[in-house]
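# Notes for the structure review
The residues making up each chain are set out below.
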Amino acid sequence: MRHIITQKEPIILDDLLSHGESQSDGADLVFIGKVRNHSRGKTVLYIDYEIYDSMAVKELNRIVDETMEQWGLSRVLIVHRYGRVELGEPSIVIAVSSSHRDESYKSSRYIIDEIKKRVPIWKKEFYSDGSEWIGDRN
Amino acid sequence: MITIHLKLFASMKDICGFAEKKFTYDNNISVKALIDHLTDSHPEIADKKEILLIAVNEAYTVPETILNDGDVVAIFPPVSGG
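Heads up: these notes are all about the structure in this document. (Residues numbered from 1 in each chain as written. Chains lettered and ligands numbered in written order. Predicted model: local features only at pLDDT ≥ 70, side-chain atom pairs only at ≥ 80, totals over all residues.)

Moving on, we come to the nonpolar core. In terms of nonpolar packing, the biggest core is built from 44 residues, with A:Ile121, A:Trp122, B:Phe9, B:Val73 and B:Ala74 touching the most fellow members. Here B:Phe9 is in contact with A:Glu50, A:Tyr52, A:Pro120, A:Trp122, B:Ala74 and B:Phe76, once residues within four sequence places are set aside. (Core = buried A, V, L, I, M, F, W, Y, C linked by C-beta atoms within 7 Å. Buried ≥ 20, exposed ≤ 12 C-beta atoms within 10 Å, placed from the backbone. Contact = placed C-beta atoms within 7 Å.)

As C-alpha cells, this is what we get:
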C-alpha cells in the first residue's frame, strides 16, 4: 500500500505510521528530513517551501511506482511539507516496509535521492540578513 | 489560435512577477520560443536558460516540445525539495 501526501501542517509521525501496518513485514524504515540551522556558512532561521502541488504528487507517485517495481515493498508512506517550516521540524518523512531490511534501506535511499532531483518543490532559506532560493545555485 | 497556460515557480516567478498567466499565439510554438518571448521582457532569464526545467501538462519535457491549445506549461529552476 501507499500513502503519499503533501501538507502545510506539521507532520505527526505516529499518525503517519499507523497507515497500513502489517505483521508480515520484518522491517519498517523511517527517514526524517528536517530543517537545520546552518547552510553554506550562514545561519538559517527557517525555510519556506514552494510547491507545484498537483505535479509534485504525480511525480512522487511515479517514484513510488519505480520503487515498488524494483524492490517489491509492501508499504510506502511519504509526507512532504510546504510553506514555512521551522528549525528542527521535519520537512519530509519517508517510511518504507518490507519483509527484509535490505529492500527497505535501498528503496528509502532511492526515494529521497529521486525526490531531490525530480519533485517540483523549492526551498527558500531565510537568514538574519536576507533569503535565497536554493535550486538556483545548481 | 492557441492559448497556453503558463505557470512559473520559485526564482522564475520572482523574476517575471507573476505565478500564472495565459498567452495566446497565432501558431503552435515551442517551449523554447515561449522562454525566448519571456526573456525579451525579462532579460535576467538569459543567465538561467541552461538550468531551467520544463513540464507540459505535469510531465517533464524538453524545450523543443511544440505546444498545443490548452497546454499547461510550467517553467522553473532546478528543484530543491527534501
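After that view of the structure, there is still more to cover.
Okay, the interface of chain B and chain A next. Reports often express the size of an interface as the amount of accessible area lost when the parts come together. Listed by partner, the interface residues are 15 residues for chain B and 23 residues for chain A. Contributions of two or more residues to the side of chain B that touches chain A are made by helix H1 (10-16) and strand E5 (72-76) of chain B. Grouping the amino acids of the side of chain B that touches chain A by side-chain chemistry returns nine nonpolar, four polar and two charged. (Helix = DSSP H or I, 4+ residues; strand = E, 2+ residues; numbered from the N terminus. Nonpolar A, V, L, I, M, F, W, Y, C, P; charged D, E, K, R; others polar.)

A separate point is the environment of B:Leu52. All names here are of chain B. Along the polypeptide, Leu 52 turns up in the loop between helix H2 (31-41) and strand E3 (53-56). Sequence separation between Leu 52 and Lys 7 is 45 residues; the distance between their C-alpha atoms is 13 Å. With residues near it in sequence (within four places) discarded, Leu 52 still touches Ile 35, Ile 75, Phe 76 and Pro 77.

This brings us to helix H3 (residues 101-118) of chain A. Between its first and last C-alpha, H3(A) extends 26 Å over 18 residues, near the 26 Å set by a 1.5 Å rise per residue. Its buried side turned inward, H3(A) meets strand E2 (27-34), helix H2 (53-71) and strand E7 (90-98) of chain A. (Expected span 1.5 Å × (residues − 1).)

What is expected of a backbone is that most residues other than glycine have negative phi and most peptide bonds are trans. With a phi close to 50°, B:Ala10 is a non-glycine residue in the positive phi region. Relative to the elements of secondary structure, B:Ala10 occurs in helix H1.

All names here are of chain B. Little of strand E2 (residues 20-25) sits out of view: just zero of its six residues are buried. Two strands pair when backbone bridges link them, and strand E1 (residues 2-8) and E2 are joined in this way by six bridges, in the antiparallel orientation. Across the sheet, residue Ile 2 finds its bridge partner in E2, namely Tyr 25. (Pairing = 2+ DSSP bridges.)

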